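Architecture and fold: a report
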Amino acid sequence: MFTQSLDFKTTDLDTFPFPFTSGNYRYSNDLKRLSNINCIEVTPEYKLQVETKRRLLQEQPHIRFQSFSHTLEMQWEVLEMLVDMATDRYPEHFEVIKDGDNWTFKNHIFGESDSFVYGDASTLPNEPLDYIGRHFHNDFVLMVHRDSNFYLEVGQVSYAALFSANWNKGMSFDEIHAPVPFVSRKGDELADRVRKFLLSIEPGKPWTRINWNLMADRWDVNYETMDVWGPQRSGITPENAGKLVRLRVEEQKFYRMPRSNAILFVLNTQFLPLEDLALRQEWFDLTYSVLQDIPEPMAEYKGIAPFLPQSVEYLRRIDDEKQKAKINKK
C-alpha cells in the first residue's frame, strides 16, 4: 500500500541550497565546478529521510529502483565510491573493513553491519547501487555514455519531480529532457547544450547545478502515482499554501565514473514550506518576485500551474501585512 506523509523539512537553513540569486528566473545552463567533491551529507533530517526512502523502496520496488542486468559492474564502482566518501567524511557514522574482496560496511546511525564479497552481487540483499543507496537520503541515477549521448540504465529515485526510474529507464538524455520548453539566449536547446557539456566532464572533476520546484503537500510526484497527487493540487488555497506548499530544491551533482565512463547523478533534495521563507527576508522577497514572474509554459512544465496563483496570493498577503506593520511603526 503506497503511503506518503510530508513530515519532514529542512531545519538547518544554513545548509538549505536556496536556488534564487535574483527576482527573475529562466532556464539556463548553470553548471559549475563542485568545490567539495564528497557528495555524502548527514543532515538533521538524515534518519527520517532515509527511513522514508527505504519504506518507499519496499512498497514500490519496481517503480523506485530500475536497472539493466549488464550494469552490475558499474553499480559496484558506484558502491565503492559512496562507501569511501561516507567513511572519509563521517568516520563516526560509517565504517568499512576491507580484507581483499571481503568487505564489511557499518552504518552506526542505524546500528547496521553488512558483510559481502565485493563484485559478487549474490552476497548482497539488493543490487549494489540499490543496497548502498538505502544508506543515504539522496536519489541516484546512472547514465551510460554511448553514441555521444547518455542513457538511463540504473536509477534509485524516491523524491521524484515528474520523473520515474521505472518510466524513464532506457531513455536517452535528450528524450528525458525533450519537454523542456525553453531555449538558451543564443537560440539553441538547453538540453542539447547540457548534454554536450556532460560529455566533457572528466573523472575526479565533478560539476553541480541547482533545480527547483514547488510541491503541493508532497515530496514525490512520479508518473505512477499521478492519480493520487494530481487531485491534491486542487486543494491548495491562499489560506493553507504556507504550510502545504514547499519549495523543493534539488542540488544535482554529476560525476564521471573513471572505470565505466558513465555519469552518476547524485540528487540531494531538500524542502522548505513557504511559511518558513519568512525566517529569511531575502529568501521571501526573491521567491515572491520569482513566482510572480513565472511564464505559463514553465509553470505547466514544472507541474505547478494548478496551485501557483494560490501560492503567490499567500506570499502577497504576507508581504502586505509586513508593509502595513512598517507603516504603523512610523
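Above this note sits the structure.
Overview of the structure.

1. A look at the overall build of the protein
Helix and strand counts for the protein come out as 12 helices and 10 strands. Computed over the C-alpha atoms, the radius of gyration of the protein is 21 Å, within 12% of the 20 Å expected from 2.2 N^0.38 for a compact globule of 330 residues. Seen along its three principal axes, the alpha-carbon backbone of the protein occupies a region of about 70 × 45 × 40 Å. Among the 330 residues that make up the protein, the fraction classed as buried is 53%. Partitioning the contacts of the protein with sequence separation of at least 6, the portion at a separation of at least 24 is 73%. Just so you have it, the protein exposes about 15000 Å², and 49% of that area is on carbon and sulfur atoms.

2. Quick look at the sheet that holds strand 2 (residues 65-67)
Each strand in a sheet pairs with another by means of backbone hydrogen bonds, the pair being arranged parallel or else antiparallel. The 7 strands are arranged 1-8-9-10-6-7-2 in an open sheet whose pairing can be described as antiparallel. At either margin of the open sheet sits one strand with a lone partner, and together these are strand 1 (32-33) and strand 2. Relative to strand 9 (residues 245-256), strand 8 (residues 207-216) runs antiparallel, the two sharing 10 bridges. Residue pairing in the sheet places W212 in a bridge with V249 of strand 9. Of the strands in this sheet, strand 6 (139-146), strand 7 (149-156), strand 8, strand 9 and strand 10 (263-273) touch helix 7 (residues 190-199), which is tilted by about 85 degrees from strand 7.

3. Topic: the pairing of strand 10
Within strand 10, 11 of the 11 residues are buried, which leaves it mostly tucked inside the rest of the structure. Going residue by residue along strand 10, you find I263, F265, L267, T269, F271 and P273 tucked away on one face and L264, V266, N268, Q270 and L272 tucked away on the opposite face as well. By the bridge criterion, 5 bridges tie strand 6 to strand 10 in an arrangement that is antiparallel. Paired with M143 across the two strands is I263, which belongs to strand 10. Note: strand 9 against strand 10, 11 bridges, orientation antiparallel. The partner of L247 across the bridge, within strand 10, is L272. Connecting the antiparallel pair strand 9 and strand 10 is a turn made up of 6 residues, with N261 showing a positive phi of about 70 degrees.

4. Focus: unusual backbone geometry
Located in the positive-phi region is S148, a residue other than glycine, with phi close to 60 degrees. Turning to its location among the elements, S148 is positioned in the loop between strand 6 and strand 7. The residue N261 is not glycine, and still its phi comes out positive at about 70 degrees. Assessed through its relative accessible area of 33%, N261 is described here as partly exposed.

5. Section: the side chain of S164
Mapped onto the elements of the fold, S164 is located in the loop between strand 7 and helix 5 (165-168). S164 gets classed as buried once you look at its relative accessible area, which sits at 2%. Only 3.1 Å separates the side chain of S164 from the backbone nitrogen of W167, close enough to count as a polar contact. Looking at S164, its side chain comes within polar contact range of the side chain of E224, at 2.8 Å.

Thresholds applied
Residues numbered from 1 in each chain as written. Predicted model: local features only at pLDDT ≥ 70, side-chain atom pairs only at ≥ 80, totals over all residues. Heavy atoms only, no water. Helix = DSSP H or I, 4+ residues; strand = E, 2+ residues; numbered from the N terminus. Rg over C-alpha atoms; globule rule 2.2 N^0.38 Å. Buried < 20%, exposed > 50% of the residue type's maximum accessible area, 1.4 Å probe, protein only. Contact = heavy atoms within 4.5 Å. Areas by Shrake-Rupley, 256 points an atom, 1.4 Å probe, with all protein chains shown as cover. Pairing = 2+ DSSP bridges. Axes fitted to C-alpha atoms, helices over the stretch in contact; angles between N-to-C directions. Polar contact = N/O pair within 3.5 Å; in protein donor to acceptor, adjacent residues only side chain to side chain.

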